[in-house]
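Summary of the model geometry
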Amino acid sequence: MPDFQAIAEALIAGKTDKDARYPPKLVGQPGVKELVQAAIDDGATPNDVLTQGLIAGMEVIGQRFRDSEIFVPEVLIAAKAMHAGLDILRPLLAESDYKAHGTFIIGTVEGDLHDIGKNLVAMMVEGAGFKVIDLGVDVSVQKFVETAKENPGAIVGMSALLTTTMPAMGKTIQALKEAGLDNPTIIGGAPTTQKFADEIGASLFAADPTTAIEKIKALLAA
Ligand code: B1M
């Protein structure tokens, strides 16, 4: 019987593989890598391993992070464990009839080099079952527009940490409209607010990754 719960628990604990030294209490125990492989060997579909193992674990991480029960390092460690599992699943998912929930383009806007929060959002959204295109930092308006054009319907996510770079979000949304693109947009980052999102015409605002995922899913379901 595939043990999805064990996969989720290993991910939450940040146990990537058997040889990992972290967390100390699980030294020598199988990690996400071995547990994902075991589930596949036991006949589980890649989709079930993804949704009931990896995504289920990342959901717990997201909720604990939002409730300030855990902090950035724990999220990064869990995301590393998630990637150990995804490395095994990715080729299998490509061969199967698995469809991602959608495509999520994300970048830190022009002039802004802060990427810690942006990376967390990218990892959590990927962990929630989306295909993520991470454009990195200091992303030009043009780059966002080009990528949106290449990915019709993809959600365009923008992060900004500086009050001086927030206006680039509005410029990007304006440029998307001028290019005739109707990709939904979501903004976030410490200085941004729902009020600012409304002013610049963003589809969504989220203060944290879990809220971002909830709002994106609700938008796509509407
Ligand atoms: Co910078 N910096 N920094 N900095 N830096 C701030 C942001 C600042 C508040 C510090 C301060 O003065 N108190 C200040 C901004 C002031 C302002 O604009 N009002 C500031 C400044 C001024 C600067 C420089 C201009 C400093 C200088 O050179 N004079 C310079 C600018 C460089 C540039 O970008 N062009 C600069 C540089 C840097 C470093 C390179 C040294 C480094 C960045 C390293 C990196 O990111 N790789 C850095 C850092 C680390 C910070 C602080 C200390 C931490 C930011 C951070 O990573 N937070 C920050 C002060 C602070 O916040 N205490 C500061 C943790 C991260 C998890 O949170 O990014 O908010 P956050 O992401 C959250 C949410 O906001 C949300 O989810 C995340 C998880 O909950 N979220 C989204 C983020 N993006 C989202 C997108 C979404 C949805 C949610 O949808 C798409």
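Conventions adopted
Residues numbered from 1 in each chain as written. Predicted model: local features only at pLDDT ≥ 70, side-chain atom pairs only at ≥ 80, totals over all residues. Heavy atoms only, no water. Near = heavy atom within 4 Å. Polar contact = N/O pair within 3.5 Å; in protein donor to acceptor, adjacent residues only side chain to side chain. Helix = DSSP H or I, 4+ residues; strand = E, 2+ residues; numbered from the N terminus. Nonpolar A, V, L, I, M, F, W, Y, C, P; charged D, E, K, R; others polar. 1 Å grid on protein atoms, 1.4 Å probe; cavity = no way out; pocket = protein on both sides within 12 Å on 5 of 7 lines; lining within 4 Å. Points joined across faces, edges and corners; volume = space filled by probe spheres on them. Domains from an automatic or database assignment. Pairing = 2+ DSSP bridges. Contact = heavy atoms within 4.5 Å. Axes fitted to C-alpha atoms, helices over the stretch in contact; angles between N-to-C directions.

1. Description of the site of the ligand
Of all residues adjacent to the ligand, which total 26 residues, the nearest are Leu 113, His 114, Asp 115, Ser 159 and Thr 163. Separating an oxygen atom of the ligand from a backbone N or O atom of Ala 190 is a distance of 3.2 Å. If one sorts the elements of the shell around the ligand by residue count, helix 5 (residues 116-127) sits on top with four residues. In the shell around the ligand, the residues fall into 15 nonpolar, eight polar and three charged.

2. What to know about the layout of surface pockets
Here the largest pocket defines a volume of roughly 440 Å³. Taken together, 25 residues line the largest pocket, and the ones lying closest to its centre are Gly 117, Lys 118, Val 121, Gly 189 and Ala 207. Counting residues per element, the ones that place at least two in the lining of the largest pocket are strand 1 (103-108), helix 5, strand 3 (155-159), strand 4 (185-188) and helix 9 (209-221). A total of five residues in the lining of the largest pocket trace back to one element, the largest contributor, which is helix 5. Residues that form the lining of the largest pocket fall into these classes: 16 nonpolar, six polar and three charged. In terms of lining, the second largest pocket is formed by 16 residues, of which the most central are Arg 90, Glu 126, Phe 130, Lys 131 and Val 132. For the lining of the second largest pocket, the elements supplying multiple residues, two or more each, are helix 4 (72-95), helix 5 and strand 2 (131-134). Of the residues in the lining of the second largest pocket, the class split is 10 nonpolar, two polar and four charged. Three or more residues apiece are contributed to the lining of the second largest pocket by two domains, here domain 1 (4-95) and domain 2 (103-221).

3. So, the sheet that holds strand 4
Two strands in a sheet stick together by hydrogen bonds in their backbones, pointing the same way (parallel) or opposite ways (antiparallel). Spatially, 2-1-3-4-5 is the arrangement adopted by the five strands of the open sheet, whose pairing is parallel. The open sheet has two edge strands, strand 2 and strand 5 (204-205), and neither has a second partner. Two elements, strand 1 and strand 2, share four bridges in a ladder whose sense is parallel. In the sheet register, Phe 104 faces strand 2, and the bridge partner there is Val 132. Running over the sheet, helix 5 touches strand 1, strand 2 and strand 3 and is turned about 170 degrees from strand 1.

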